Amino acid sequence: MADHYPYRIMAGREDLTLIWRPGEGDAPDELAVDERGGLLAFPDLEALQEHCDRNGWVLVREGEGTLDLGVVQRWVEHPGHGSVPAGLLLEAWNFFEDLSHSLKAGPSLPSQGTIHDSAYEKIFGGEALEPAAGEGAWTDEETAAVRELLRAGMDLWEQVAHRSSTG
């Protein structure tokens, strides 16, 4: 049986905690969903723990993850207004990918191409947003593609968060 990890999503007025499960082998990571394919989301760790206990799931609380989507949304919607850590954008990108793959039905992220692949590789260097990084910096085209992808991810999150079940 796979371990389950709490993953807190901070998004404006309402924070939710999800259940994240790492993929085994080559399987993708995923977020727990209910029998209808809706995202399981909880208002707090106590409710999440109760759900895991009822289902016989091991909840590993060490290294609990938190993602601040408010910062990501500000970067997406207001280019040039403040900086954002490249690692946060990478974490949001990965979260949206996990979210999209976890849903049984419903909206998904748009397909990605070579421009996304190039931007994704550069973000690991941590300097993708720094113009002084030379070849390691995102081009205007890469920045626009990442913004578009993250905007789609934010839209997906908004749709799913409002329909999520609480175990």
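Residues numbered from 1 in each chain as written. Predicted model: local features only at pLDDT ≥ 70, side-chain atom pairs only at ≥ 80, totals over all residues. Heavy atoms only, no water.

A.B. asks: Looking at this structure, I do not really get the layout of surface pockets. What am I missing?
C.D. replies: Space left empty within the atom packing is revealed by a probe, the size of a water molecule, rolled over the atoms. The space that makes up the largest pocket amounts to roughly 330 Å³. What lines the largest pocket is a set of 18 residues, and nearest its centre among them are W75, L129, E130, P131 and T143. Ranked by residues supplied to the lining of the largest pocket, first place goes to helix α5 (residues 140–163) with 3 residues. Tallied by class, residues from the lining of the largest pocket come to 9 nonpolar, 6 polar and 3 charged. Of the volumes computed, that of the second largest pocket is approximately 270 Å³. As for the second largest pocket, its lining consists of A11, G12, R13, E14, L16, G70, Q73, W157, E158, A161 and H162. Here the element with the most residues in the lining of the second largest pocket is α5; it accounts for 4 residues. Class assignment for the residues of the lining of the second largest pocket results in 4 nonpolar, 4 polar and 3 charged. (1 Å grid on protein atoms, 1.4 Å probe; cavity = no way out; pocket = protein on both sides within 12 Å on 5 of 7 lines; lining within 4 Å. Points joined across faces, edges and corners; volume = space filled by probe spheres on them. Helix = DSSP H or I, 4+ residues; strand = E, 2+ residues; numbered from the N terminus. Nonpolar A, V, L, I, M, F, W, Y, C, P; charged D, E, K, R; others polar.)

A.B. asks: Could you clarify how one ought to interpret the packing of helix α2 (residues 69–77) against α5 in this entry?
C.D. replies: The relative placement of two packed helices comes down to the angle between their axes together with the axis-to-axis distance. Look at α2 against α5: their axes get within 9 Å of each other, and the N-to-C directions meet at 130°. Judged by the inter-axis angle, α2 sits oblique to α5. Judged by the sense of rotation from one axis to the other, the crossing of α2 with α5 is left-handed. Residues L69, V72, Q73, W75 and V76 of α2 pack against T143, V146, R147, L150, R151, M154 and W157 of α5. Looking at the contact of α2 with α5, its residues break down into 8 nonpolar, 2 polar and 2 charged. (Axes fitted to C-alpha atoms, helices over the stretch in contact; angles between N-to-C directions. Parallel < 35°, antiparallel > 145°, perpendicular 65-115°, else oblique. Left-handed = near helix turned anticlockwise from the far one by under 90°. Contact = heavy atoms within 4.5 Å.)

A.B. asks: Would you explain the pairing of strand β1 (residues 5–11) in this entry?
C.D. replies: Remember that side chains alternate between the two faces of the sheet whenever the strand is regular. Sheet analysis places β1 next to strand β2 (residues 14–21), joined by 7 bridges and oriented antiparallel. Within β2, the residue paired with A11 across the bridge is E14. Between the antiparallel neighbours β1 and β2 lie 2 residues, among them G12 with a positive phi of about 70°. Here 4 bridges tie β1 to strand β5 (residues 65–68), and the two strands are oriented parallel to one another. Paired with M10 across the bridge in β5 is D68. (Pairing = 2+ DSSP bridges.)

A.B. asks: I'm lost on the packing of aromatic side chains in this one. Help?
C.D. replies: Aromatic rings in a pair are described by how distant their centres are and how their planes are angled relative to each other. One pass over the structure, following the stated rule, counts 7 aromatic pairs. With centroids separated by 4.9 Å and ring planes inclined at 85°, the aromatic side chains of W93 and Y120 adopt a geometry described as edge-to-face. Note that W93 is positioned in helix α3 (residues 86–102) and Y120 in helix α4 (residues 114–123), a separation of 27 residues in sequence. A relative accessible area of 23% places Y120 in the partly exposed class. Arranged with centres 5.5 Å apart and planes meeting at 55°, the rings of F95 and F96 form a pair that is tilted. Pair check on accessibility: F95 and F96 agree, each one buried. Positioned over the ring face of W75 is R147, at 3.9 Å from the centre of the ring. (Phe/Tyr/Trp six-rings, centres within 6.5 Å; stacked < 30°, edge-to-face > 60°. Buried < 20%, exposed > 50% of the residue type's maximum accessible area, 1.4 Å probe, protein only. Lys NZ or Arg CZ within 6 Å of the ring centre and 35° of its normal.)

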